[in-house]
Amino acid sequence: MRKIAISFFKGGAAKSSSAIELSSSLSKLGAEVLLVDTDLDGQIAKLLKLNPRHSLTHILKGLIGPQEAITHTKWGFDVIGSDRDLIKVDAVTEKRSRLRNALSPIKGYDHVIFDTSPNYGMMSANVLDYADTMIVPVELSPASRDRLANIYNELDEARITNPKLFIRGILPVKYRRRESSQQAHYEQLKRDFKDVFEPIPFSCVIEQAQCAGMPVTIKYPNHPISQAYILLAKQIKED
Ligand SMILES: Nc1ncnc2c1ncn2[C@@H]1O[C@H](COP(=O)(O)OP(=O)(O)O)[C@@H](O)[C@H]1O
Ligand SMILES: [Mg+2]
């Protein structure tokens, strides 16, 4: 069971969108996938128009077992949602191993995908203690490049207790291929980092799909965005 954190400590970097689309794409390729929301925004359930009765908060508080919080979606993958009360379990996540212990009864998935918070707090530290793989979605801007250096610091810290964690790749998102500044940022990124995935193009179809409460890879399966996420999923599945 591979545990993949979609992490970049910045809002609006398409973390939640990429977590949904990677889950949907892996599932389309035949994998068993569980998507776990660890951000107190609860975006995953909102974007998919799910109404889960239980959330990660209930699991971390020890009120229910993780299996009871799983919602099956009609697109093949399963979801554990989150809510604002997650902020109240910060105290119990003081121990980095809290999430790992709470989710340890979960078995039978090929991939567990974690959507993460834009802030590096104890919840994120818990995710990085449990995950084995990180995918880092970044917008192509100078601000993102500066922050990328920080993520390597977080990685180093997490690897003290979880040495098998590694960054599988940087995922450029919202790529506007016709803009020369975007092309320049992308080329620079490839020079700076060895594992850079094919970029996910910018398109408003993703918002249209999200308004309809669906993954774009389901609503618009032939759109270049969907093809880019399927290509990413193929690479992950073939590892
Ligand atoms: N490839 C894309 N093209 C255009 N808009 C996108 C793309 N990916 C995500 N978005 C939009 O960007 C915004 C932030 O995305 P989101 O996934 O919520 O980011 P995060 O979880 O990192 O805060 C959302 O409005 C989403 O619809
Ligand atoms: Mg998000």
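A brief look at the structure comes next. (Residues numbered from 1 in each chain as written. Chains lettered and ligands numbered in written order. Predicted model: local features only at pLDDT ≥ 70, side-chain atom pairs only at ≥ 80, totals over all residues.)

## A word on the packing of helix 1 (residues 15-28) against helix 10 (residues 224-238)
For the pair helix 1 and helix 10, interaxial distance at closest approach is 8 Å and the crossing angle is 65 degrees. Taken as axis vectors, helix 1 and helix 10 run roughly perpendicular relative to one another. Once helix 1 is placed against helix 10, the crossing between them reads as right-handed. On the side of helix 1, the interface is formed by Glu 21, Leu 22, Ser 25, Leu 26 and Lys 28, while helix 10 contributes Tyr 229, Ile 230, Leu 232, Ala 233, Ile 236 and Lys 237. Looking at the contact of helix 1 with helix 10 residue by residue, the classes come out as 7 nonpolar, 1 polar and 3 charged. (Axes fitted to C-alpha atoms, helices over the stretch in contact; angles between N-to-C directions. Helix = DSSP H or I, 4+ residues; strand = E, 2+ residues; numbered from the N terminus. Parallel < 35°, antiparallel > 145°, perpendicular 65-115°, else oblique. Left-handed = near helix turned anticlockwise from the far one by under 90°. Contact = placed C-beta atoms within 7 Å. Nonpolar A, V, L, I, M, F, W, Y, C, P; charged D, E, K, R; others polar.)

## Overview of the site of ligand 1
Within the structure, ligand 1 sits among 18 residues, and Ala 13, Ala 14, Lys 15, Ser 16 and Ser 17 are positioned closest to it. If you list the elements that add at least two residues to the shell around ligand 1, you get helix 1 and helix 8 (205-211). (Near = placed C-beta within 6 Å.)

## Regarding the pairing of strand 5 (residues 111-115)
With respect to burial, strand 5 is a largely interior element, 5 of its 5 residues being buried. Burial along strand 5 is two-sided: His 111, Ile 113 and Asp 115 facing one way and Val 112 and Phe 114 facing the other are all buried. Relative to strand 5, strand 1 (residues 2-6) is paired through 5 bridges, and the arrangement is parallel. Its bridge partner being in strand 5, Lys 3 is matched across the sheet by Val 112. Here strand 2 (residues 33-37) runs beside strand 5; their pairing, made up of 5 bridges, is parallel. (Buried ≥ 20, exposed ≤ 12 C-beta atoms within 10 Å, placed from the backbone. Pairing = 2+ DSSP bridges.)

## Here's the deal with the sheet that holds strand 1
Judged by pairing direction, the sheet is mixed, and its 7 strands sit side by side in the order 3-4-2-5-1-6-7 without closing on themselves. Looking along the sheet, the strands with just one partner apiece sit at the ends: strand 3 (71-72) and strand 7 (166-173).

## Considering the packing of helix 5 (residues 122-130) against helix 6 (residues 142-161)
In contact at an axis separation of 9 Å, helix 5 and helix 6 are set at 60 degrees when each is read in the N-to-C sense. In terms of orientation, helix 5 and helix 6 fall into the oblique class. For the element pair helix 5 and helix 6, the recorded crossing hand is right-handed. The residues of helix 6 that touch helix 5, namely those facing Ala 125, Leu 128 and Asp 129, are Glu 154, Ala 158 and Thr 161. Of the residues that constitute the contact of helix 5 with helix 6, the class distribution is 3 nonpolar, 1 polar and 2 charged.

## Comments concerning the nonpolar core
Counting 62 residues, the largest nonpolar core has Ala 5, Leu 35, Ile 113, Phe 114, Val 127 and Ala 131 as its most contacted members. Of all the elements, helix 10 adds the most residues to this core, at 6 residues. If we skip the residues at most four places from it in the chain, Ala 5 touches Phe 114, Thr 116, Val 127, Leu 128, Ala 131 and Met 134. (Core = buried A, V, L, I, M, F, W, Y, C linked by C-beta atoms within 7 Å.)

## Considerations on unusual backbone geometry
Although it is not a glycine, Ala 14 adopts a positive phi angle of roughly 65 degrees. Position of Ala 14 relative to the elements: it lies in the loop between strand 1 and helix 1. Assessed through the 21 C-beta atoms surrounding it within 10 Å, Ala 14 is described here as buried. Within the chain, Lys 174 stands out as a residue other than glycine whose phi angle is a positive 55 degrees. Considering the arrangement of structural elements, one finds Lys 174 in the loop between strand 7 and helix 7 (180-192).

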